[in-house]
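Understanding the architecture of this molecule
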Amino acid sequence: MPPRHALPVAAACAVVFAVLGVVFAGERTPGAVDGAVANTIEGLADGLLRVFVLPTEPPVLLAVLGVLVAVTVWRRDRAALALVVAAPAVAVSVNTWVLKPAFGRVYDDHLAYPSGHTVSLVAVLTVLAVLARPGPPRAATVVTGVVLTALAGIGMVGLEYHYLSDVLGGAAFAVAATLGLAALVGASARHRRGGGVAGERGEPADRA
């Protein structure tokens with residue numbers, strides 16, 4: 001199911017997430033880069049910032065997931081359906097109940113690392129990238145996802161929801177978790193088909 005380079009990307013993202021988490025664990029103040037970015041964004045209109053953050057909101061993400069579930073059910077693509085259902089749920093749950101308490105970074109009065117809004121958005125965007133057709137469609141999906149995540153990060157920093165490092169850590173964790181789950185789902189699907197090599201007879205991602 002995932003592209004062939006997915007596991008190296010997942011590993012790199014896991015390292016970024018872990019390093020940032022260790023650096024900022026238990027902190028209550030911004031890092032130097034966090035502060036510089038916040039100062040740069042300061043002054044942007046709240047209305048614009050809220051538009052940037054809109055893709056992270058649950059109604060938007062649930063609507064996208066609903067469409068993906070309907071499409072995968074219609075195509076009878078059980079592997080893709082499993083990824084659509086599991087990846088965002090697992091990433092958000094682990095982030096909320098394990099990672100935030102473990103790292104203990106606080107922004108104002110709430111645990112902030114990794115950013116939950118970012119984890120939700122990037123998990124869904126990564127699912128879309130995995131299920132997109134290889135080549136230009138997948139590349140376009142990745143570029144769109146990066147742009148949406150960057151704008152959402154600007155919005156969250158500008159609205160004082162998170163520091164930049166919270167956003168980066170959330171994005172890195174979501175990519176690592178989703179690609180890791182995609183690899184597991186893909187391996188399970190190949191096993192059910194009798195151990196075929198990835199890409200033979202068309203992986204779910206190749207048909208999406």
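Each helix and strand counted, the protein chain has nine helices and two strands in total. Counting from the amino terminus, helix and strand elements in the protein chain follow one another as α-α-α-α-α-β-β-α-α-α-α. In summary, the protein chain has a C-alpha radius of gyration of 18 Å against a globular reference of 17 Å for 208 residues, a match within 12%. In terms of its C-alpha atoms, the protein chain occupies a principal-axis envelope of roughly 55 × 35 × 25 Å. When each of the 208 residues of the protein chain is scored for burial, the buried share is 43%. For the protein chain, the share of sequence-separated contacts (at least 6 apart) that also reach a separation of at least 24 residues comes to 78%. Carbon and sulfur atoms form 70% of the exposed surface of the protein chain, whose accessible area is close to 10400 Å². One way to put it: in the protein chain the 15 positive side-chain charges average out to a point 19 Å from where the 13 negative ones average out.

Applying the stated criterion across every chain, the model contains five aromatic pairs. Each ring, one from Phe17 and one from Phe173, has its centre 5.4 Å from the other, and the planes form 45°; the classification is tilted. Taken together, the residues Phe17 in helix α1 (residues 6-24) and Phe173 in helix α8 (residues 164-192) connect sequence positions 156 residues apart. A relative accessible area of 12% means that Phe17 is categorised as buried. On the basis of an interplanar angle of 45° and a centroid distance of 4.3 Å, the ring pair of Tyr107 and Tyr163 is categorised as tilted.

To continue, consider a nonpolar patch on the surface. A cluster of nonpolar side chains, namely Val90, Val94, Trp97 and Val98, defines an oily patch on the protein surface of about 390 Å² accessible area. As for its position among the elements, Trp97 is in helix α5 (residues 78-103). Here Trp97 falls in the exposed class, since its relative accessible area comes to 69%.

Criteria and cut-off values
Residues numbered from 1 in each chain as written. Predicted model: local features only at pLDDT ≥ 70, side-chain atom pairs only at ≥ 80, totals over all residues. Heavy atoms only, no water. Helix = DSSP H or I, 4+ residues; strand = E, 2+ residues; numbered from the N terminus. Rg over C-alpha atoms; globule rule 2.2 N^0.38 Å. Buried < 20%, exposed > 50% of the residue type's maximum accessible area, 1.4 Å probe, protein only. Contact = heavy atoms within 4.5 Å. Areas by Shrake-Rupley, 256 points an atom, 1.4 Å probe, with all protein chains shown as cover. Lys, Arg positive; Asp, Glu negative; His and termini not counted. Charge placed at Lys NZ, Arg CZ, Asp CG, Glu CD. Phe/Tyr/Trp six-rings, centres within 6.5 Å; stacked < 30°, edge-to-face > 60°. Patch = residues over 30% accessible without salt bridge, like charges linked within 9 Å, V, L, I, M, F, W, Y side chains within 5 Å. Salt bridge = Lys/Arg side-chain N within 4 Å of Asp/Glu carboxyl O.

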